[in-house]
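# Structure at a glance
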Amino acid sequence: MATGSVVPLLFLARISGLLVAVLVSIWAISFRSSFHHHSSESSPQEDQGITYSALHPLFMVIGFILISGEAILIHRWLPGSRSLKKSVHLCLQGVALASGIFGIWTKFHGQKGIVANFYSLHSWMGLICILLFGAQWLVGFLSFWHRGEGRTVRQRVLPWHIFLGLYTYGLAVATAETGLLEKLTFLQTTRNLSKHCPESMVVNSLGLGLAFLSGIVIWAAVSPKYQPIQTKLIYSDTKKCPSC
């Protein structure tokens, strides 16, 4: 259960996560034409390509970043046993991994292929992030369902698992930021998109929201858990004096 010191961070994480989800939905739905590579009128096949491209930020931000962030916070607020927390954490991370893989597929669907599109810093960071995330999930899955390892081994692996998990989460947010910058630069140079137009404001606000959200999630994850001091009653065989 969440303690008093973490409750404000959890509240901020929920508010910032909701804001990020709203902003990326507005961008993908209201500015759908921006996800097409050409400004001319498109054919039905190209319209389908626009739809798939618009799904990319939705799956990568909402499905991958927001859900994986919620999985990180599970250990800080969910009541119940450690086994329950681990199972929910593992399931949410599995949903995030599936969303990330599908998000990459939507980006390159109907184009020249996945390999031909890995030319930018954003694409290579995304590939590394998905590979690290998948390896992390696989290790967590094997550790949760396979009880053959000793307690000492799991205790040694746990700090590395936490570090790599937070690193991968931060890398995912950094990858999203490079994607926003790459897309906004493309629109401003090829479509003459104004730097102060509504779409630019939405994309910049989305980037700020992701940066704020990642800081809150990581802060809540690394903050020390509050453990109340338990007072033990010590009974003595000797009788207390009346003056005590």
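Rules used in this analysis
Residues numbered from 1 in each chain as written. Predicted model: local features only at pLDDT ≥ 70, side-chain atom pairs only at ≥ 80, totals over all residues. Heavy atoms only, no water. Helix = DSSP H or I, 4+ residues; strand = E, 2+ residues; numbered from the N terminus. Buried < 20%, exposed > 50% of the residue type's maximum accessible area, 1.4 Å probe, protein only. Areas by Shrake-Rupley, 256 points an atom, 1.4 Å probe, with all protein chains shown as cover. Core = buried A, V, L, I, M, F, W, Y, C linked by side-chain atoms within 4.5 Å. Contact = heavy atoms within 4.5 Å. Salt bridge = Lys/Arg side-chain N within 4 Å of Asp/Glu carboxyl O. pLDDT = per-residue confidence, 0-100. Axes fitted to C-alpha atoms, helices over the stretch in contact; angles between N-to-C directions. Parallel < 35°, antiparallel > 145°, perpendicular 65-115°, else oblique. Left-handed = near helix turned anticlockwise from the far one by under 90°. Nonpolar A, V, L, I, M, F, W, Y, C, P; charged D, E, K, R; others polar.

### Regarding the overall build of the chain
A tally of regular secondary structure across the chain gives 6 helices and 0 strands. When the elements of the chain are put in sequence order from the N terminus, they spell out α-α-α-α-α-α. Per-residue burial over the chain gives 36% buried out of 244 residues. Within the structure as shown, the chain displays about 15,100 Å² of accessible surface, and the carbon and sulfur contribution to it stands at 68%.

### Points about unusual backbone geometry
In this structure, Asn-192 is a non-glycine residue whose phi angle is positive, near 55°. Inspection of the secondary structure puts Asn-192 in the loop between α5 (151-190) and α6 (198-222).

### Brief notes about the nonpolar core
Ranked by size, the top nonpolar core spans 47 residues in total, and within it Trp-27, Phe-64, Ile-65, Tyr-169, Leu-206 and Leu-210 carry the most contacts. Secondary-structure elements contributing two or more residues to this core are α1 (7-30), α2 (44-77), α3 (82-108), α4 (121-145), α5 and α6. The contact partners of Leu-206, leaving out residues within four places of it in the chain, are Val-20, Leu-23, Val-24, Trp-27 and Leu-180.

### Concerning the pattern of salt bridges
Throughout the structure, instances matching the rule amount to 1 salt bridge. Note that Arg-14 and Glu-70 form a salt bridge whose closest N and O atoms lie 3.1 Å from each other. Placement of the pair is Arg-14 in helix α1 and Glu-70 in helix α2, with a sequence separation of 56 residues. Exposure remark for Arg-14: the relative accessible area of 34% places this residue in the partly exposed category.

### Some details on the confidence of the model for the chain
Residue-level pLDDT values for the chain average 82, and 77% of them are 70 or greater. Within the model, pLDDT remains below 50 along residues 227-239, and this stretch shows 0 contacts once partners closer than five positions in the same chain are excluded.

### A short note on the packing of α1 against α6
Viewed as axis vectors pointing N to C, α1 and α6 meet at an angle of 155°, and their least axial separation amounts to 9 Å. By the angle between their axes, α1 is roughly antiparallel relative to α6. Note that α1 runs across α6; the crossing there is left-handed. Seen from α1, the contacting residues are Leu-9, Leu-12, Ala-13, Ser-16, Gly-17, Val-20, Leu-23, Val-24 and Trp-27; seen from α6, they are Glu-199, Val-202, Val-203, Ser-205, Leu-206, Gly-209, Leu-210, Phe-212, Leu-213, Ile-216, Trp-219 and Ala-220. Of the residues assigned to the contact of α1 with α6, the class counts are 16 nonpolar, 4 polar and 1 charged.

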